[in-house]
Amino acid sequence: MSLLDRFFDKVLNRKSVFRDKKALSIDYIPEELPHREQEILKLAGILANIIKGTRPSNVFEYGPVGTGKTAVTKLVMKKLYERARLHEIRFCFSYVNCRFYRSNYRALVKVAIDSGLRIPKTGLPTDVIFSMFVKRLEEKFDFFVVVFDEIDWLVKFSGDDILYQFTRLNGDLRNSSVSIIGITNDVKFRDYLDARVLSSLSEETVIFSPYSQGQLYDILLHRATLAFHNGCISDEAIRYVAAVAARDGDARRAIDMLRVSGEIADREGSNIVTLEHVKKACNEVEKNLIGEILAALPPNQQLLLLALASLSKKGNGKITTGSVKKEFDAFNKRIGRPTVTLRRLNDYIAELETLGIISSTVVSFGRYGRTRILKLEVPTEVLEEYLLKDSIYREIYLD
DNA sequence: CTTCCACCGGAAGTACCGGTAA
DNA sequence: TTACCGGTACTTCCGGTGGAAG
């Protein structure tokens with residue numbers, strides 16, 4: 001038997017610590033959501049009107065990342081759907097993650113498709129699709145609920161036109177009705193929303209608060225019993241994850257860490273997930289997060305970060321917009337790629353700032369102008385590790 | 001007090017792309 | 001094929017603006 005054959009056999013025969021890894025995936029929705037009973041009941045209470053035959057209020061859900069907004073909503077919608085079918089109520093819903101459907105047009109198409117219409121991804125005018133959707137509603141459904149998850153992305157990129165249209169849709173509908181659930185974690189979201197839309201959107205509000213360490217422990221324990229074989233994860237490991245994640249009460253990150261811990265244990269051929277595995281996982285998750293973000297960035301933004309890194313390495317004081325622009329232009333010239341205007345560069349800076357990769361503060365030097373002071377929020381070594389994989393970047397960076 | 005620097009950031013426009021309907 | 005539709009990725013234009021210098 002060859003080396004490889006023996007290796008494959010070994011992999012095949014190796015026992016995994018996982019019983020059901022799906023239970024730790026991001027889009028897994030368990031039947032039970034510990035410590036979210038209040039929120040589930042509140043949301044279900046609002047939507048239960050559908051079973052009774054009256055239109056439920058629009059709902060606005062607010063809370064930081066990883067507090068169960070999406071999970072609670074999906075769970076309630078699923079149960080509601082089953083229940084409505086039981087009572088032969090013509091009910092349908094659409095779940096739109098606005099991070100992916102961030103233009104009015106795309107979001108509308110997603111909703112229309114979920115209502116059962118066959119719509120091309122592009123090419124049709126918006127109002128045509130809207131009237132197709134309205135017709136569909138009148139013909140097929142008594143109730144329709146649209147969930148806009150991460151609704152702030154939609155509004156930020158495309159304004160609130162579509163929300164306005166949806167909120168006033170009920171006035172035109174005779175046989176059916178539409179309700180909207182908006183979900184966000186952006187505190188400032190309310191500021192850039194039209195007052196009319198805001199008031200009709202928040203007929204009801206459900207607030208989600210971060211999990212405490214104890215609550216995180218319960219959640220992790222619950223998921224771990226689903227995902228791991230009995231006794232394949234130590235209690236101290238779970239406690240450690242709960243403690244780390246308690247910093248920002250983010251259950252999604254905690255669950256992700258648990259999954260990676262298990263993968264590391266498998267990789268090392270261990271039959272139990274130990275504290276060591278978990279500690280490694282914490283580092284890996286953190287690093288991967290940054291790496292994935294950096295890799296997904298458009299080349300110009302990567303180059304901007306490189307320019308920033310190079311300037312901060314030279315270390316001659318504060319880095320202003322102007323100095324970055326100069327370095328950025330120089331880099332582009334060396335690669336032989338056209339550069340962009342300062343206006344566009346400002347947009348890059350703003351985008352990188354919302355991603356948390358850089359931070360900036362406006363300062364005034366009086367006579368010597370007003371500008372922004374830029375700072376990298378990611379260690380330069382980490383940045384170099386991920387960006388200098390590209391040989392073109394290496395050439396221009398190491399001067 | 002006024003000036004004026006070095007930008008900021010909104011609005012509108014341009015070019016190109018992939019798609020549909022007639 | 002042509003006339004649209006919407007998206008992306010910019011550019012052009014231009015009216016601000018905090019505060020040291022004059």
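Our subject is the structure listed above.
Rules used throughout
- Position numbers for residues count from 1 along each chain, tracking the sequence in the order it is written.
- Here every chain gets a letter starting at A, and every ligand a number starting at 1, in the order they are written.
- Side-chain atom pairs in this predicted model are given and counted only at pLDDT of 80 or more, local residue features only at pLDDT of at least 70, and totals for whole chains, interfaces and linings cover all residues.
- The side-chain values count all of the structure's non-hydrogen atoms but skip hydrogen atoms and water molecules.
- Near is defined per residue: the residue qualifies when any heavy atom it owns lies within 4 Å of the molecule or strand.
- Two N or O atoms form a polar contact when they lie within 3.5 Å of each other; inside protein one atom must be a possible hydrogen donor and the other a possible acceptor, and for residues adjacent in sequence the pair counts only when both atoms belong to side chains.
- Labels follow the DSSP assignment, with helices taken as runs of H or I lasting at least four residues and strands as runs of E lasting at least two, numbered in each case from the N terminus.
- Side-chain classes are defined by residue name, with Ala, Val, Leu, Ile, Met, Phe, Trp, Tyr, Cys and Pro counting as nonpolar, Asp, Glu, Lys and Arg as charged, and the others, Gly among them, as polar.
- Basic side-chain nitrogens of Lys or Arg form a salt bridge, by our definition, when they fall within 4 Å of a carboxyl oxygen of Asp or Glu.
- Only protein chains enter the accessibility calculation, which uses a 1.4 Å probe; a residue whose area is less than 20% of its type maximum is buried, one above 50% is exposed, and one in between is partly exposed.
- Any two strands between which DSSP finds at least two bridges are classified as paired.
- Each axis is a line fitted through C-alpha atoms, taken for helices only over the stretch in contact, and angles between the N-to-C directions span 0 to 180 degrees.
- Pairs of residues are marked as contacts when any of their non-hydrogen atoms sit within 4.5 Å.

Undergrad: Now, about the protein's contact with DNA strand B: what can you tell me, with residues and values included?
TA: Taken together, 16 residues sit near DNA strand B, with T321, R343, N346, R367 and G369 positioned nearest. Restricting attention to atoms of DNA strand B within 4 Å of the protein, one finds that 64% of them are sugar or phosphate atoms. G322 has a polar backbone atom sitting 3.3 Å from a sugar or linking oxygen of DNA strand B. Contact between DNA strand B and R343: a base oxygen at 2.9 Å from a side-chain N or O atom of the residue. By residue number, the principal contributor to the surface near DNA strand B is strand β8 (residues 370-376), which donates three residues. Residue classes in the surface near DNA strand B are distributed as three nonpolar, nine polar and four charged.

Undergrad: Requested: an account of the pattern of salt bridges, with residues and values cited.
TA: Under the criterion given, the structure shown has 23 salt bridges. In this structure, the salt-bridge partner of E31 is K78, at a minimum N-O distance of 3.0 Å. Residue E31 is found in the loop between α1 (3-13) and α2 (37-47), and its partner K78 is found in helix α4 (residues 69-86); the two are separated by 47 residues along the sequence. Classification of E31 by relative accessible area gives partly exposed; the value is 45%. Taking relative accessible area as the criterion, K78 reaches 37% and is therefore assigned partly exposed. Among the ionic pairs, R55 bridges to E203, the shortest N-O distance being 3.2 Å.

Undergrad: Explain the sheet that holds strand β5 (residues 204-207) to me, and be specific about the residues and the numbers.
TA: Each strand in a sheet pairs with another by means of backbone hydrogen bonds, the pair being arranged parallel or else antiparallel. Spatially, the five strands line up as an open sheet ordered β2-β3-β4-β1-β5, and their pairing is parallel. The sheet terminates laterally at β2 (91-97) and β5, the two strands that pair on one side only. In this sheet, neighbouring strand axes are inclined to one another by 15 degrees on average, regardless of whether the strands run parallel or antiparallel. One ladder, built from seven bridges, connects β2 with strand β3 (residues 143-149); its direction is parallel. Residue pairing in the sheet places N97 in a bridge with D149 of β3. Packing of α2 onto the sheet brings it into contact with β1 (59-62), β4 (177-184) and β5, and relative to β5 it is tilted by some 165 degrees.

Undergrad: Run through the protein's contact with DNA strand C, naming residues and quoting values.
TA: Near DNA strand C there are 19 residues, and of these S103, R106, T126, T341 and R367 occur at the shortest range. For DNA strand C, the fraction of protein-proximal atoms (within 4 Å) that sit in sugar or phosphate groups is 78%. Side-chain polar atom of R106 to a phosphate oxygen of DNA strand C: 2.8 Å apart, as the coordinates give it. One nitrogen or oxygen atom from the side chain of T126 is found 2.6 Å from a phosphate oxygen belonging to DNA strand C. Listed by contribution, the elements that provide at least two residues to the surface near DNA strand C are α5 (104-114) and α16 (342-354). Ranked by residues supplied to the surface near DNA strand C, first place goes to α16 with three residues.

Undergrad: Tell me what's going on with the sheet that holds β8, and back it up with residues and numbers.
TA: Overall, antiparallel pairing links the three strands, which are arranged β6-β8-β7 in an open sheet. A strand with exactly one partner marks an edge of an open sheet, and here the two such strands are β6 (319-320) and β7 (358-364). Bridge analysis of β6 against β8 gives two bridges, and the strand direction is antiparallel. Bridge pairing links I319 to L374 in β8. Packed onto the sheet, α16 meets β7 and β8 and runs at close to 125 degrees relative to β7.

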